Amino acid sequence: MVAVDGAAARAAAEARRRLDGEMAPGGLWPERSPWIRDAVARLPRDAFAPERLWDWDGHVWQPVDRGSKPDRWLELLCGTAHRAAVTQVTGGLPTSSLSAQALVVDMLDSLRLEPGQRVLELGTSPSAWNAALLTHRAGPGPVTTVEVDPDLAAAGATRLKTAGLDVDVVTGGGSLGHPAGAPYDRAIATYAVDRVPWAWIEQTRPGGRLVLPWGRLGHAALTVAPDHTHATGWMQGLAQFMPDRTTTPPGTRDFATVRAHTPPSGPEQHTTRDPEHLRTDWSPLFHLRVVLPESVITTAVDQDGASAWIHDGHESWATLSSTPEGVYRAQGGPRHLADLPENA
């Protein structure tokens, strides 16, 4: 938490009112978990967000510092309840974010946390906002949060301490959980996994609950079986998440590497498929993750409109690019990835 002057404090308070006003009419404050709205009011996201956020200008991620661009910083953080704020960029790509407020609230509601329950959080982030909200409900002491990046862990620990919150911040790989604090009544991850680490189930008591993002496109709510051999549940909501940074399969390549190693299969072709649908329509994205789990789809917007980059991490890639003359597609490799959105 940071000290702000009177004008900045008034602007932040107004942004909080707008967020609350956006969520209330849309039914985004869950009736069965009224504590969450109170926690957000007492521990607002702007009080925990880092001083530097990142803004996509259509070409690259640009830093936005609270001190020099307070209005834009607040807009990135609180402009809408449905947008995440990027808090770290590494190698030109986002590697950490503060999830959208509506999504944070939905996941906390799915967790069904009760006072005094022991909680394991995977993915502290530099804001530690989710850990702060968990502590508001669980009370001082029961929350343990694990962060793989030492710098982010230290930043999160500092924010929690400044806010006077008693949370155990651990630096380490989230896929291992934190066996020293087990068993936990609840576990919640803030980054996406393609497979649920067994440690998360093993360290959660029978009947305990796990909430985790799956496949970067939605979060699942699971209950650990009475015999502690498995966990079952359902998809609770759709949204994009940062991926697990520690479990990339061997040999997996990023888009640039796949593109560099695989020439185009032909010239660019005009297409009627608007890549904007891959930004706003979760149904095709979710179906693609199910039928082709290794696919990675990235979208961005510039002055010409939306563009999309698709690859399979190995040898196939595709692009959908908006131009003043329309949308063009290109692809390479044995899989015709440019056709996937149409098929979905």
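Here's what I pulled together on the structure shown here. (Residues numbered from 1 in each chain as written. Predicted model: local features only at pLDDT ≥ 70, side-chain atom pairs only at ≥ 80, totals over all residues. Heavy atoms only, no water.)

What the chain contains, in helices and strands, is 11 helices and 16 strands. Relative to its full complement of 344 residues, the chain shows a buried share of 48%. Across the chain, contacts joining residues at least 24 apart in sequence account for 57% of those joining residues at least 6 apart. When the accessible area of the chain is evaluated, it comes to approximately 15800 Å², of which 53% is carbon and sulfur surface. When the 31 basic and 40 acidic side-chain charges of the chain are each reduced to a single mean position, those positions are 4 Å apart. (Helix = DSSP H or I, 4+ residues; strand = E, 2+ residues; numbered from the N terminus. Buried < 20%, exposed > 50% of the residue type's maximum accessible area, 1.4 Å probe, protein only. Contact = heavy atoms within 4.5 Å. Areas by Shrake-Rupley, 256 points an atom, 1.4 Å probe, with all protein chains shown as cover. Lys, Arg positive; Asp, Glu negative; His and termini not counted. Charge placed at Lys NZ, Arg CZ, Asp CG, Glu CD.)

Counting buried positions over the 11 residues of helix H4 (residues 101-111) gives 10, a clear majority of the element. If you check which residues of H4 are buried, you get Gln-101, Ala-102, Leu-103, Val-104, Val-105, Met-107, Leu-108, Asp-109, Ser-110 and Leu-111. The positive-phi residue at the C-terminal boundary of H4 is Arg-112, with phi of around 55°.

This part is about the pattern of salt bridges. One pass over the full model with this rule turns up 12 salt bridges. When the shortest N-O distance is used, the salt bridge between Asp-109 and Arg-32 registers 2.9 Å. Here the residue Asp-109 occupies a position in helix H4, and Arg-32 occupies one in the loop between helix H1 (6-23) and helix H2 (35-42), the gap between them amounting to 77 residues. On the accessibility criterion, Arg-32 (47% relative accessible area) is partly exposed. Note that Asp-55 and Arg-72 form a salt bridge whose closest N and O atoms lie 3.0 Å from each other. Linking Asp-55 in strand S1 (residues 52-56) with Arg-72 in helix H3 (residues 70-78), this pair joins segments that are 17 residues apart in sequence. On the accessibility criterion, Arg-72 (33% relative accessible area) is partly exposed. (Salt bridge = Lys/Arg side-chain N within 4 Å of Asp/Glu carboxyl O.)

Right, let's get into the pairing of strand S10 (residues 218-224). The element S10 is largely enclosed, with a buried count of six among its seven residues. Bridge analysis of strand S9 (residues 204-214) against S10 gives six bridges, and the strand direction is antiparallel. Counterpart to Leu-212 in the pairing with S10 is Ala-220. Here S10 folds back onto strand S11 (residues 231-238) in antiparallel fashion, the turn holding six residues, of which His-228 has a positive phi close to 65°. (Pairing = 2+ DSSP bridges.)

Take the sheet that holds S11 next. Hydrogen bonds between backbone atoms are what pair the strands of a sheet, whose relative direction is either parallel or antiparallel. Across the sheet, seven strands lie side by side as S7-S6-S5-S8-S9-S10-S11; this open sheet has mixed pairing. Every interior strand has two partners, whereas the edge strands, strand S7 (168-171) and S11, have only one. The sheet shows a mean angle of 15° between the axes of neighbouring strands, taken without regard to direction. The strands touched by helix H6 (residues 150-162) within the sheet are strand S6 (143-147) and S7, with S7 carrying the most contacts at an inclination of about 170°. (Axes fitted to C-alpha atoms, helices over the stretch in contact; angles between N-to-C directions.)

Nonpolar side chains in soluble globular proteins tend to be buried together. If you look at the biggest cluster of nonpolar residues, it comprises 48 residues, and the most contacted ones within it are Leu-77, Leu-108, Leu-133, Leu-134 and Ile-188. Within the residue set of this core, elements represented by two or more residues are H1, H2, H3, H4 and helix H5 (129-138). For Leu-108, the residues in contact, after removing those within four places along its chain, are Trp-35, Ile-36, Asn-130, Leu-133, Leu-134 and Ile-188. Counting residues in each nonpolar core, the second largest holds 18 residues, with Leu-120, Tyr-184, Trp-200 and Ala-220 among its members. (Core = buried A, V, L, I, M, F, W, Y, C linked by side-chain atoms within 4.5 Å.)

Quick look at the environment of Gln-117 now. Following the sequence through the fold, Gln-117 ends up in the loop between H4 and strand S5 (119-122). A relative accessible area of 12% means that Gln-117 is categorised as buried. Separated by 82 residues in sequence, Gln-117 and Trp-35 have C-alpha atoms that sit 15 Å apart. Looking at Gln-117, its side chain comes within polar contact range of the main-chain nitrogen of Glu-114, at 2.9 Å. (Polar contact = N/O pair within 3.5 Å; in protein donor to acceptor, adjacent residues only side chain to side chain.)

Further remarks concern the packing of aromatic side chains. Per the stated rule, a full pass over the model turns up three aromatic pairs. Where Tyr-191 meets Trp-200, the ring centres are 6.2 Å apart and the plane angle is 75°; that geometry is what we call edge-to-face. With a relative accessible area of 12%, Tyr-191 lands in the buried category. Given a relative accessible area of 1%, Trp-200 falls into the buried group. With 6.3 Å between their ring centres and 85° between their planes, Phe-255 and Trp-317 make a pair best called edge-to-face. In this pair, Phe-255 is assigned in helix H8 (residues 255-261) and Trp-317 in strand S15 (residues 317-323), connecting sequence segments 62 residues apart. (Phe/Tyr/Trp six-rings, centres within 6.5 Å; stacked < 30°, edge-to-face > 60°.)

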